[in-house]
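The residues making up each chain are set out below.
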Amino acid sequence: MLHSLQALDRAHHLHPFTDFKALGEEGSRVIERAEGVYIYDAEGNRILDGMAGLWCVNLGYGREELVEAATEQMRQLPFYNTFFKTTHPPVVKLAAKLCSLAPANLNHVFFTGSGSEANDTVLRMVRRYWVVKGKPEKQWVIGRENGYHGSTVAGLSLGGMAPMHDQGGPRVPGITHVRQPYWFGEGRVGEERQDPEAFGRQCAAAIEERILELGEDKVAAFIAEPVQGAGGAIIPPESYWPAVKAVLAKYDILLVVDEVICGFGRLGEWFGSVHYDLAPDLMPIAKGLSSGYLPIGGVLVGDRIADTLIEEGGEFFHGFTYSGHPVCAAVALRNLEIMEAEGVVERVRDELGPYLARRWATLTDHPLVGEARSLGLMAALELIDPASGERFDEALTAGNLCRDISFRRGLVMRSVGDTMIISPPLVISHEQIDDLVSLAREALDETARCLAPRVADEPPTEEKPA
Ligand SMILES: *Cc1c(COP(=O)(O)O)cnc(C)c1O
């Protein structure tokens, strides 16, 4: 049964972000069911899902209330569109709920089916806004290197993932990228080892430099994740966001905060924007909005933009068949109600986040770990070669090795290069956090044992790549 499924998968299924040939040779892992914070594969192995699906199953698996919300809504009204002056109860209630949870200046929502579609919507709205405002020359959008905003053409263009850009064909023009506030990767290295806070200010200053290069009246918006997720759980230095806010205010540039991962409690607040005290003009959301039970995304729209588009914009020629899908909206609404009723966000902020931080920090003494960092329930480990204190040779793919070992030992931990990441369900218990950290340590131990002979075999290199 398992082998026939794998064979059919190999024969007919092209997986996202996957080397098709390599996967075909290895065979895919079949996940059959899940409960709480655990997934179970077809061989019956129980695996602690340290990534909450893909940063989204915030309430954990097996929540009957969400199944019921979907079932009830499917019976009542499985689909109707929200084009052409129609609406339905779940989408209205969800919009109102989202606005009550978001920072005070955000009082409207545009719904989409995913985070990528949310960022396509962002690009359309940003450019439309400035045209309606009578400043059509404000068209440039500044994103960041190694930022992730999805995989549609607009999403990948706003994002700064070099491998995606190299494969993506022509990108949307008028988008440029500045350096990311990644201290371990770019501030710590080399002889100019910098103080993290000075480095954070320098990264914000790079935005101002780019604005002046492009022309100070030509920039429409800046887009960033509060904490970079797919880029490697990169927590910016504390100096970064206040300095960014000041630069954007100085040149009247819109702030787009991509909350697709950080929203809905990941950082211990309802939104990363609350943690960093940001008042975004646009806030794309998805993933945790429905705890991943059904696909739904959206953009929370600030008053400044909403008022302009409502009063002066005329028809906005944009939308998706499934914008505000009733079943997805009903599940998202129930998800948010459960989070409120169970105090999930406060618990991450006051108990689980600080507890994970303490336990995760104990991994710092591992010879393979150059840095252990966390915020809320998102955490990363930077792998280093104990012999040099620097990165391993890229050819060793130490991160992938550690990820595969970890999975085999019962913990889903993701790798981004040689950065190991976790982002577990927000309902994880203290005990399960202890297990997670123990499993991560065992995976590090086995990775070190595997790598030791390979590192010894490497011919001495003269220069390490930056
Ligand atoms: C996942 C993600 C997206 C894209 O969302 P999809 O639902 O996969 O289209 C956009 N932005 C961020 C920050 C993400 O993590």
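Here's what I pulled together on the structure shown here.

Conventions we followed
Residues numbered from 1 in each chain as written. Predicted model: local features only at pLDDT ≥ 70, side-chain atom pairs only at ≥ 80, totals over all residues. Heavy atoms only, no water. Helix = DSSP H or I, 4+ residues; strand = E, 2+ residues; numbered from the N terminus. Contact = heavy atoms within 4.5 Å. Areas by Shrake-Rupley, 256 points an atom, 1.4 Å probe, with all protein chains shown as cover. Lys, Arg positive; Asp, Glu negative; His and termini not counted. Charge placed at Lys NZ, Arg CZ, Asp CG, Glu CD. Near = heavy atom within 4 Å. Polar contact = N/O pair within 3.5 Å; in protein donor to acceptor, adjacent residues only side chain to side chain. Salt bridge = Lys/Arg side-chain N within 4 Å of Asp/Glu carboxyl O. Buried < 20%, exposed > 50% of the residue type's maximum accessible area, 1.4 Å probe, protein only. Pairing = 2+ DSSP bridges. Axes fitted to C-alpha atoms, helices over the stretch in contact; angles between N-to-C directions.

Examining the overall build of the protein chain
Within the protein chain, the secondary structure is distributed over 17 helices and 14 strands. In terms of its C-alpha atoms, the protein chain occupies a principal-axis envelope of roughly 65 × 55 × 45 Å. The long-range share in the protein chain, meaning contacts at least 24 apart out of those at least 6 apart in sequence, stands at 71%. Only carbon and sulfur atoms are counted for the fraction: they give 53% of the accessible area of the protein chain, which is about 20600 Å². Counting 44 positive and 66 negative side-chain charges, the protein chain places the averaged centre of each group 2 Å from the other.

Regarding the site of the ligand
As a matter of local geometry, the ligand sits amid S114, G115, S116, N119, Y148, H149, G150, E225, D258, V260, I261 and K287. Separating an oxygen atom of the ligand from a side-chain N or O atom of S116 is a distance of 2.5 Å. Separating an oxygen atom of the ligand from a side-chain N or O atom of K287 is a distance of 2.6 Å. Protein coverage of the free-state accessible area of the ligand, which is 380 Å², stands at 83%.

Comments concerning unusual backbone geometry
Phi at F264 takes a positive value of approximately 65 degrees, unusual for a residue other than glycine. The topology assignment puts F264 in the loop between β8 (254–257) and α12 (272–275). Although it is not a glycine, T397 sits at a positive phi angle of roughly 40 degrees. Within the secondary structure, T397 sits in the loop between β12 (378–383) and α16 (398–409).

Observations regarding the pattern of salt bridges
Counted according to the given criterion, the structure contains 24 salt bridges. Among the salt bridges present, the one from E390 reaches R188, with a minimum N-O distance of 3.6 Å. With E390 in the loop between β12 and α16 and R188 in the loop between α9 (183–187) and α10 (196–214), this residue pair connects regions lying 202 residues apart in the sequence. Assessed through its relative accessible area of 35%, E390 is described here as partly exposed. In this structure, R349 and D350 form a salt bridge, with 2.9 Å as the shortest nitrogen-oxygen distance. Given a relative accessible area of 39%, R349 falls into the partly exposed group. Taking relative accessible area as the criterion, D350 reaches 49% and is therefore assigned partly exposed. Through salt bridges with shared partners, a single ionic network connects E371, R373, E382 and R391.

Concerning the sheet that holds strand β1 (residues 31–35)
Strands sit in the order β1-β2-β3 across an open sheet of three strands; the sheet is antiparallel. If you trace the sheet from one side to the other, it starts and ends with β1 and β3 (46–48), each paired once. Taken pair by pair, the neighbouring strands of this sheet meet at an average axis angle of 30 degrees, ignoring direction. Here four bridges tie β1 to strand β2 (residues 38–41), and the two strands are oriented antiparallel to one another.

Describing the sheet that holds strand β14 (residues 419–422)
What the four strands build is an open sheet, ordered β11-β12-β14-β13; its pairing is antiparallel. Only two strands of the sheet have a single neighbouring strand rather than two, namely β11 (369–375) and β13 (414–416). Ignoring strand direction, the axes of neighbouring strands in this sheet form an average angle of 20 degrees. Of the pairings in the sheet, the one linking β12 to β14 comprises four bridges and is antiparallel in character. Counterpart to E382 in the pairing with β14 is T419. Lying over the sheet, helix α15 (residues 344–361) contacts β11, β12 and β14, oriented at roughly 175 degrees with respect to β11.

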